[in-house]
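Overview (structure and organization)
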Amino acid sequence: MHILVNNAGVMDTLQGTTAQGWETQFVTNHLGHFALTTGLHDALAVGGDARVVVVSSSGHAASPVVFDDLFFDRRPYDPGLAHGQSKTANALFAVELTRRWAADGITANSLTPGGIWTPLQRHWSPSSGPPPRSRRVRPNGPARSP
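As recorded in an unreviewed UniProt entry, the protein goes by the name SDR family NAD(P)-dependent oxidoreductase, listed as coming from Nakamurella leprariae. Turning to the protein, the UniProt annotation filed under Sequence similarities (unreviewed entry) states: "Belongs to the short-chain dehydrogenases/reductases (SDR) family."

1. What to know about the nonpolar core
By size, the foremost hydrophobic cluster in this structure holds 11 residues: Leu4, Leu44, Ala50, Val52, Val54, Phe93, Ala94, Leu97, Trp101, Ile106 and Ala108. At the level of elements, strand 2 (50–55), helix 3 (79–101) and strand 3 (106–111) are the ones that each hand at least two residues to this core. With four residues, helix 3 is the single largest residue contributor to this core. Residues in contact with Trp101, not counting those within four places in the same chain, are Thr37, Thr38, His41, Leu44 and Ile106. Among the nonpolar cores identified, the runner-up in size contains five residues, and Phe26, Val65, Leu70 and Ala89 belong to it.

2. Here we look at helix 1 (residues 24–39)
With 16 residues, helix 1 should reach 22 Å at 1.5 Å per residue; the first-to-last C-alpha distance of 21 Å fits that figure. In the structure, helix 1 departs most strongly from a straight axis at Leu31, where the bend amounts to approximately 35 degrees. By the burial criterion, the buried members of helix 1 are Gln25, Phe26, Val27, Asn29, His30, His33 and Thr37. Looking at the buried residues of helix 1, the elements they touch are strand 1 (3–6), helix 2 (41–45), strand 2 and helix 3. The N-cap residue of helix 1 is Glu23: its side-chain oxygen and the backbone nitrogen of Gln25 are 2.9 Å apart.

What counts, and at which threshold
- Residues numbered from 1 in each chain as written.
- Predicted model: local features only at pLDDT ≥ 70, side-chain atom pairs only at ≥ 80, totals over all residues.
- Heavy atoms only, no water.
- UniProt positions renumbered as here; feature names shortened; annotations may be inferred.
- Core = buried A, V, L, I, M, F, W, Y, C linked by side-chain atoms within 4.5 Å.
- Buried < 20%, exposed > 50% of the residue type's maximum accessible area, 1.4 Å probe, protein only.
- Helix = DSSP H or I, 4+ residues; strand = E, 2+ residues; numbered from the N terminus.
- Contact = heavy atoms within 4.5 Å.
- Expected span 1.5 Å × (residues − 1).
- Bend = angle between axes of the 7 residues up to and from the residue.
- Polar contact = N/O pair within 3.5 Å; in protein donor to acceptor, adjacent residues only side chain to side chain.

In structure tokens, the structure reads:
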């Protein structure tokens, strides 16, 4: 295996949890990528020149990873903070993956592809605060990066 692109994601979802009680955005945007990637380590290491791409978001600036309360058990749920935390975790994962797996010939990069209005943002509302930059597009015009 030469390349793995971790691009699954949700954004600004209503509060939800898995059967284990884990917050939905963190699970979808980060833990799923983590589990898949670590499970594929041996396949990635075979050729000695594999690349892992971890798609993050400019939303990472909204929140650090709050290790003391990853799943919003003790703080009020905020969809923007939950999204930001998951995307910060993505970026940190890429950095640490490269540090740990470089000797196996595996490099990871994290990126933010820019934003466009898609159904991914369907849960955002004006009461959530100002729209992220990705939502600042002409209402009937073509989607474009800010």
